[in-house]
Amino acid sequence: MRADRLDPGGVDWPRVDRTAYLVHQRFRYEYSRPITDLRHRLVITPPAQHADQRLLRRRIRITPATGVLRSDSVDEFGNTVIDVRARRVEKSISFEAWFVVSRQGPQRAQWESLPSADCRRLLEPTRLTAPDRTLREVAATLMATGDTGAVLAARITQWVYTHMTYGFGSTGVRTDAATALRLRTGVCQDYAHIMLSLSRLCGIPARYVSGHLLGEGGTHAWVEVLVPNPGDDSRCTVHAFDATHGRAAGLTYLTVALGRDYGDVAPTSGTYSTGGRGSLDSRKRVDLVHVEYAA
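All values reported here derive from a predicted model rather than from experimental measurement.

A.B. asks: Just to check I follow, could you spell out the overall build of the protein for this structure?
C.D. replies: From N to C terminus, the protein includes 6 helices and 17 strands. Relative to the compact-globule value of 19 Å for 295 residues, the protein shows a C-alpha radius of gyration of 20 Å, a close match. With the principal axes as the frame, the protein shows a C-alpha extent of 60 × 50 × 35 Å. In the protein, once contacts between residues fewer than 6 apart in sequence are set aside, the share between residues at least 24 apart is 74%. Put simply, the protein shows about 14400 Å² of open surface, and 49% of that area lies on carbon and sulfur atoms. Between the averaged position of the 39 positive side-chain charges in the protein and that of its 31 negative side-chain charges there is a distance of 6 Å.

A.B. asks: Looking at this structure, how should I read the pattern of salt bridges?
C.D. replies: Note on pairing: side chains with opposite charge can pair once their charged atoms come close. Scanning all chains against the criterion turns up 19 salt bridges. For Arg-58, the salt bridge goes to Asp-72, with nearest N and O atoms at 3.2 Å. Of this pair, Arg-58 sits in strand 4 (residues 53–63) while Asp-72 sits in strand 5 (residues 68–74), and the two are 14 residues apart along the sequence. Relative accessible area serves as the criterion here: at 37%, Arg-58 is assigned to the partly exposed category. Among the residues examined, Asp-72 registers a relative accessible area of 37% and is labelled partly exposed. With its nearest N and O atoms 2.9 Å apart, the salt bridge here joins Asp-72 to Arg-70. The exposure class assigned to Arg-70 is partly exposed, which follows from its relative accessible area of 37%. Linked through salt bridges whose partners overlap, the residues forming this network are Arg-5, Arg-285 and Asp-287.

A.B. asks: What is the right way to read empty space enclosed by the protein from this model?
C.D. replies: Unoccupied space between atoms shows up once a probe the size of one water molecule is rolled over them. As enumerated under the stated definition, the model contains 1 cavity of 30 Å³ or more in all. Computed from the structure, the largest cavity encloses a volume of approximately 30 Å³. Put simply, the parts of the chain that give the lining of the largest cavity at least two residues each are strand 2 (35–45) and strand 11 (206–213). Partitioning the lining of the largest cavity into residue classes produces 4 nonpolar, 4 polar and no charged.

A.B. asks: So what exactly am I meant to see when it comes to helix 2 (residues 133–143) here?
C.D. replies: It helps to recall that an α-helix has 3.6 residues per turn; residues three or four apart then point in one direction. Within the span of helix 2, buried status applies to Leu-135, Val-138, Ala-139 and Leu-142. Projected onto a plane normal to the axis of helix 2, the buried residues spread over an arc of 100 degrees and lie on a single side. Set apart from the buried face of helix 2 by more than 90 degrees, the exposed residues are Arg-133 and Thr-141. If you check the start of helix 2, you find a side-chain oxygen 3.3 Å away from the backbone N of Thr-134, and it comes from Asp-132.

A.B. asks: What am I meant to see in the layout of surface pockets here?
C.D. replies: Taken as a whole, the largest pocket encloses approximately 660 Å³ of empty space. What lines the largest pocket is a set of 32 residues, and nearest its centre among them are Cys-188, Gln-189, Gly-218, Thr-219 and Tyr-262. When contributions to the lining of the largest pocket are tallied by element, the ones reaching two or more residues are strand 1 (16–31), helix 5 (188–201), strand 11, strand 12 (220–229), helix 6 (262–265) and strand 17 (278–293). A per-class count over the lining of the largest pocket returns 13 nonpolar, 15 polar and 4 charged. In terms of lining, the second largest pocket is formed by 20 residues, of which the most central are Phe-77, Gly-78, Glu-112, Arg-207 and Leu-258. It is strand 15 (residues 253–259) that contributes the most residues to the lining of the second largest pocket, 5 residues altogether.

A.B. asks: Mind showing me how you'd approach the pairing of strand 5 here?
C.D. replies: Two faces belong to every sheet, and in a regular strand the side chains alternate between them. With 7 bridges joining them, strand 5 and strand 6 (residues 80–89) adopt antiparallel strand pairing. Residue pairing for strand 6: Asp-72 is matched across the bridge by Ile-82.

A.B. asks: Just to check I follow, could you spell out the side chain of Gln-189 for this structure?
C.D. replies: Structurally, the position occupied by Gln-189 is in helix 5. Under the relative-accessibility criterion, Gln-189 is labelled buried at 10%.

A.B. asks: When you look at the sheet that holds strand 17 in this model, what are you seeing that I'm missing?
C.D. replies: In a beta sheet, neighbouring strands pair by backbone hydrogen bonds and run either parallel or antiparallel. The 5 strands lie next to each other as 3-4-7-1-17, forming an open sheet whose pairing is antiparallel. Unpaired on one side and paired on the other, strand 3 (49–50) and strand 17 mark the two borders of the sheet. Here strand 1 pairs with strand 17 via 15 bridges, running antiparallel. Of the residues in strand 17, the one forming a bridge with Arg-26 is Arg-283.

A.B. asks: Would you explain the nonpolar core in this entry?
C.D. replies: For soluble globular proteins, nonpolar side chains are generally found buried alongside one another. Within the largest apolar cluster, 38 residues are counted, with the highest numbers of intra-cluster contacts made by Leu-142, Ile-156, Val-160, Ile-194, Met-195, Leu-198 and Val-225. Going through the elements one at a time, helix 2, helix 3 (149–163), helix 4 (177–183), helix 5, strand 11, strand 12, strand 15 and helix 6 are the ones with two or more residues in this core. Broken down by element, the residue count for this core peaks at 7 residues, all from helix 5. When neighbours within four sequence positions are excluded, Ile-156 is seen to be in contact with Leu-142, Met-195, Leu-198, Ser-199, Cys-202 and Ile-204. Residues Val-23, Leu-42, Ala-86 and Val-286 belong to the second largest nonpolar core, which totals 29 residues.

Each value, and the rule that gives it
Residues numbered from 1 in each chain as written. Predicted model: local features only at pLDDT ≥ 70, side-chain atom pairs only at ≥ 80, totals over all residues. Heavy atoms only, no water. Helix = DSSP H or I, 4+ residues; strand = E, 2+ residues; numbered from the N terminus. Rg over C-alpha atoms; globule rule 2.2 N^0.38 Å. Contact = heavy atoms within 4.5 Å. Areas by Shrake-Rupley, 256 points an atom, 1.4 Å probe, with all protein chains shown as cover. Lys, Arg positive; Asp, Glu negative; His and termini not counted. Charge placed at Lys NZ, Arg CZ, Asp CG, Glu CD. Salt bridge = Lys/Arg side-chain N within 4 Å of Asp/Glu carboxyl O. Buried < 20%, exposed > 50% of the residue type's maximum accessible area, 1.4 Å probe, protein only. 1 Å grid on protein atoms, 1.4 Å probe; cavity = no way out; pocket = protein on both sides within 12 Å on 5 of 7 lines; lining within 4 Å. Points joined across faces, edges and corners; volume = space filled by probe spheres on them. Nonpolar A, V, L, I, M, F, W, Y, C, P; charged D, E, K, R; others polar. Arc of directions from axis to C-beta. Polar contact = N/O pair within 3.5 Å; in protein donor to acceptor, adjacent residues only side chain to side chain. Pairing = 2+ DSSP bridges. Core = buried A, V, L, I, M, F, W, Y, C linked by side-chain atoms within 4.5 Å.

The structure is reproduced here in structure tokens:
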């Protein structure tokens with residue numbers, strides 16, 4: 001896929017009515033000697049539709065193409081999952097993907113129909129969001145303001161943003177929210193896990209979002225909170241917040257997958273039975289390729 005790239009710095013974002021982006025992503029695994037019984041899982045395909053976001057085109061290439069079995073499915077959260085199987089890989093395997101995604105503005109809260117059981121599920125802690133005493137105390141302080149719903153979620157966003165310092169190396173994909181808060185440092189997934197934990201403690205159903213942010217090189221993470229409609233708790237308004245940047249998530253955010261925490265939506269994961277050590281090289285680029293302004 002090829003498209004003309006536009007300079008985001010030259011866009012009058014408050015006037016934008018519609019955008020389109022080209023996402024190019026590549027994962028390459030190399031092994032010191034042949035491996036066997038490879039089982040790999042990719043969660044990298046944006047949904048056909050999510051709120052105002054649409055998937056316009058997609059292309060995925062696996063190299064080598066021979067000796068590899070691929071199957072696509074949809075998981076319990078509605079995410080597209082690509083499963084790859086190979087009996088033997090000699091030296092390397094790579095996964096390369098191109099997506100064209102559009103978003104519609106102006107930004108506003110989106111309605112979503114959600115069974116009440118699913119909403120309650122998004123209030124339950126997970127291993128990565130289980131609260132400790134500190135998180136419970138913070139939640140109690142936040143609720144004491146009297147704010148509720150999206151207003152309270154915005155306050156939680158700012159609290160996480162101001163009490164954490166962004167930094168690599170101190171946390172990993174298995175670090176839980178309580179540990180990250182104790183360290184007071186982490187990356188976007190840690191910010192999201194802390195916000196998920198606090199939101200759920202405050203009675204706000206919340207889910208982890210894995211996706212892309214224009215201008216950032218790696219996969220990004222943020223949070224969607226669901227505020228039940230008074231009188232009909234099967235319908236919710238969905239509000240997206242990015243605690244890493246201390247703001248609402250706008251037109252430059254592209255959703256790939258939703259879950260309870262990072263464990264549900266890891267972009268790439270897998271196992272193999274025997275062979276040499278593996279190393280991963282990943283690259284990603286998001287380009288703005290189309291802008292339409294409101295009349």
